[in-house]
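# Examining the three-dimensional arrangement
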Number of protein chains: 2
Amino acid sequence: MIVKRDFLKSLPIFSALPDPILDKLTDRAEEFTYKNGEYIFYEGDPPDWLCIIREGNVKAVKYLEDGKEIILHVFMPGDIFGELAILDRRPYPASAQSMGHTKILKLHYTHCRDICENVPEVRMKLIQSMGEKQRGFVDRLETAMTTRVEKRIAHMLLKLAGASDSKGGTYINLHLTRKDIANMVGTTIETTIRIMSRLQKEGIIESTKTGITILRPDLLRERGGEHE
Amino acid sequence: MIVKRDFLKSLPIFSALPDPILDKLTDRAEEFTYKNGEYIFYEGDPPDWLCIIREGNVKAVKYLEDGKEIILHVFMPGDIFGELAILDRRPYPASAQSMGHTKILKLHYTHCRDICENVPEVRMKLIQSMGEKQRGFVDRLETAMTTRVEKRIAHMLLKLAGASDSKGGTYINLHLTRKDIANMVGTTIETTIRIMSRLQKEGIIESTKTGITILRPDLLRERGGEHE
DNA sequence: TGGGGGCAATGATATAAATCATATTCCTGG
DNA sequence: CCAGGAATATGATTTATATCATTGCCCCCA
């Protein structure tokens, strides 16, 4: 399985790994495929797996008592999630749900914990990625605390365009439904549809089946930043 | 300075530290005092210090372009903040501001980084505390994404009461202004005042100069949880 | 000791967004 | 290839909350 090995090697976290250890890791990494809407794990599950996205996208979701869904984060190909599993052994704080068809590499925590203990570079990378995540949450909170919904959506779109690898951060290579967007910014589907339609009519964004293009990042930033 | 040493020893993170290392650390820990509103550090500062609260409270704040303040977190006595300084060396993502009079112990990152490298127990504790923080953010986001302001406030009060060490989690030992509360849940001062007054009139909470008592946690939970 | 600035309180009004209601289109799985 | 559920769209109505405006209080310090 040369391809799997190369994929692991290509990840920043494992790039410094000596070959023999990498081989063993490759051996132990199990690949799974998921269909749209399937869960990789549920909130509260014992955190036994560290997951890496090979293909597709995964959303971290949480459900309120009234059934309302909150999307905490959208993971991209190459992203690692569930890394708390290795570091602190408490239950997953959210569920991980497949968006469309995905391929996920899973590593059992016992395997990578050893590596993490023994290879300082891997440990460092993992800690750095936790730091990244924390900064991501700060940003996420900033979005969520903004009152006007249009601002929240604008902020979120710009952020996603930056994260999704694309020419100049203007294309969001993701199939997001209006419901997804609503659950990311904490509003209703109807409001999201109205605002997205307005942004589209004004020529600021273009929304297709495959993704969203930000035609005028400048104007969108204005929407996201100013106090009207 | 026996007292300072004992204080450090009393912290979970340093409790496993061998005596000689603890002594050295005690020596290197500098104590500072801050008045209400003073900043311990600013967003964007180089993250040179790990801070521990000896007395008082500190809020982690961020400012939007329009000057609006967002309170990300309120730290309690014994809490550690700025720990990203040791782990990943990127600028602080938020400012730390003193609430009332505080005493802060500061450790330069070079000093504790060595300890962190060499004493696995300390490293573990630190990573665990990062995990805690991440879970805290998830919870924070959950609050922020709730639409009704009353729910958000109820959720936040219950959370604070749990964090603040008090008999049965019904007393918030903190001087929060209505503005603080507004900035924690992302609303205006007026709306906060109205909702807090209502909750007080209904006998659910009691607000005094020194803190807030939750008289009816059950009713508050209802407010925070139900869909009206 | 007296003023002044921050904080709480409250009313009136405007408005953004939730809610309710219905179509229409679009996929997708059988 | 068809049916039916999901997603998009749009209108009407209600409601929560932002916004504007004013007042009084308290406490801090000059």
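Residues numbered from 1 in each chain as written. Chains lettered and ligands numbered in written order. Predicted model: local features only at pLDDT ≥ 70, side-chain atom pairs only at ≥ 80, totals over all residues. Heavy atoms only, no water.

The pairing of strands in a sheet comes from backbone hydrogen bonds and takes either a parallel or an antiparallel form. Residue and element names in this part refer to chain B. Taken in spatial order, the three strands of this open sheet run β7-β9-β8, and their pairing is antiparallel. Of all the strands in the sheet, the pair left with one neighbour each is β7 (171–172) and β8 (205–207). Bridge count between β7 and strand β9 (residues 212–214): two bridges; the pairing is antiparallel. Note on β9: the bridge partner recorded for Tyr171 is Thr213. In this fold helix α8 (residues 189–201) packs onto β8 and β9, with an angle of close to 120 degrees to the strand it touches most, β8. (Pairing = 2+ DSSP bridges. Helix = DSSP H or I, 4+ residues; strand = E, 2+ residues; numbered from the N terminus. Contact = heavy atoms within 4.5 Å. Axes fitted to C-alpha atoms, helices over the stretch in contact; angles between N-to-C directions.)

Residues and elements named next belong to chain A. Strand order across the open sheet formed by three strands is β7-β9-β8, with antiparallel pairing between neighbours. Strand pairing shows two members of the sheet lacking a second neighbour, β7 (171–172) and β8 (205–207), which therefore form its edges. In this structure, β8 lies alongside strand β9 (residues 212–214), joined through three bridges in antiparallel fashion. Paired with Ile205 across the two strands is Ile214, which belongs to β9. Across the sheet, helix α8 (residues 189–201) touches β8 and β9, and the angle it forms with β8 is around 120 degrees.

Turning our attention to the protein's contact with DNA strand D. Around DNA strand D sit 16 residues in total, of which A:Arg178, B:Val149, B:Thr187, B:Thr191 and B:Arg194 are the nearest. A share of 56% is what sugar and phosphate atoms reach among the atoms of DNA strand D within 4 Å of the protein. One of the side-chain nitrogen or oxygen atoms of B:Thr188 is found 3.1 Å away from a phosphate oxygen of DNA strand D. The contact in question runs from a phosphate oxygen of DNA strand D to an N or O atom on the side chain of B:Thr191, over 2.7 Å. Those elements giving two or more residues to the surface near DNA strand D turn out to be α8 of chain A together with α8 of chain B. For the surface near DNA strand D, the element with the highest residue contribution is α8(A), accounting for four residues. Classifying every residue of the surface near DNA strand D by side-chain character gives two nonpolar, seven polar and seven charged. (Near = heavy atom within 4 Å. Polar contact = N/O pair within 3.5 Å; in protein donor to acceptor, adjacent residues only side chain to side chain. Nonpolar A, V, L, I, M, F, W, Y, C, P; charged D, E, K, R; others polar.)

Residues and elements named next belong to chain A. The assigned domain composition of chain A is domain 1 (4–144) and domain 2 (148–223). The distance between the C-alpha centroids of domain 1 and domain 2 comes to 25 Å. Taken together, the contacts link 13 residues of domain 1 with 14 residues of domain 2. Carbon and sulfur atoms make up 59% of the surface buried where domain 1 meets domain 2, a total of about 1100 Å² over both sides. If you sort the residues of domain 1 by the area they bury against domain 2, Ile71, Met76 and Thr143 come out on top, with a joint share of 40%. Connecting domain 1 to domain 2 are two salt bridges. Its salt-bridge partner being Lys159, residue Asp139 comes within 3.5 Å of it at the nearest N-O pair. (Domains from an automatic or database assignment. Buried area = accessible area lost by both parts, 1.4 Å probe. Salt bridge = Lys/Arg side-chain N within 4 Å of Asp/Glu carboxyl O.)

Right, let's get into the packing of aromatic side chains. Throughout the structure, instances matching the rule amount to nine aromatic pairs over all chains. Look at A:Phe41 and A:Phe81: their rings are 5.9 Å apart centre to centre, the planes differ by 45 degrees, and that puts the pair in the tilted class. Of this pair, A:Phe41 sits in strand β2 (residues 39–41) while A:Phe81 is found in strand β5 (residues 80–81), placing the two residues 40 residues apart along the sequence. With respect to burial, A:Phe41 and A:Phe81 carry one shared label: buried. Taken together, the ring pairs in this structure connect A:Phe41, A:Phe75, A:Phe81 and A:Tyr92 into an aromatic cluster. It is A:Arg54 that lies over the ring of A:Phe7; its NZ or CZ is 4.9 Å from the centre. Its end group placed over the ring of B:Trp49, B:Lys106 keeps NZ or CZ at 5.8 Å from the ring centre. (Phe/Tyr/Trp six-rings, centres within 6.5 Å; stacked < 30°, edge-to-face > 60°. Buried < 20%, exposed > 50% of the residue type's maximum accessible area, 1.4 Å probe, protein only. Lys NZ or Arg CZ within 6 Å of the ring centre and 35° of its normal.)

Here the focus is the packing of helix α5 (residues 120–144) of chain B against helix α6 (residues 149–163) of chain B. Residue and element names in this part refer to chain B. α6 packs onto α5 with a crossing angle of 155 degrees between their chain directions and a minimal axis gap of 8 Å. Between α5 and α6, the angle falls in the class roughly antiparallel. Every residue of α6 that contacts α5 at Asp139, Glu142, Thr143 and Ala144 is listed here: Arg152, His155, Met156 and Lys159. Looking at the contact of α5 with α6 residue by residue, the class counts come to two nonpolar, two polar and four charged. (Parallel < 35°, antiparallel > 145°, perpendicular 65-115°, else oblique.)

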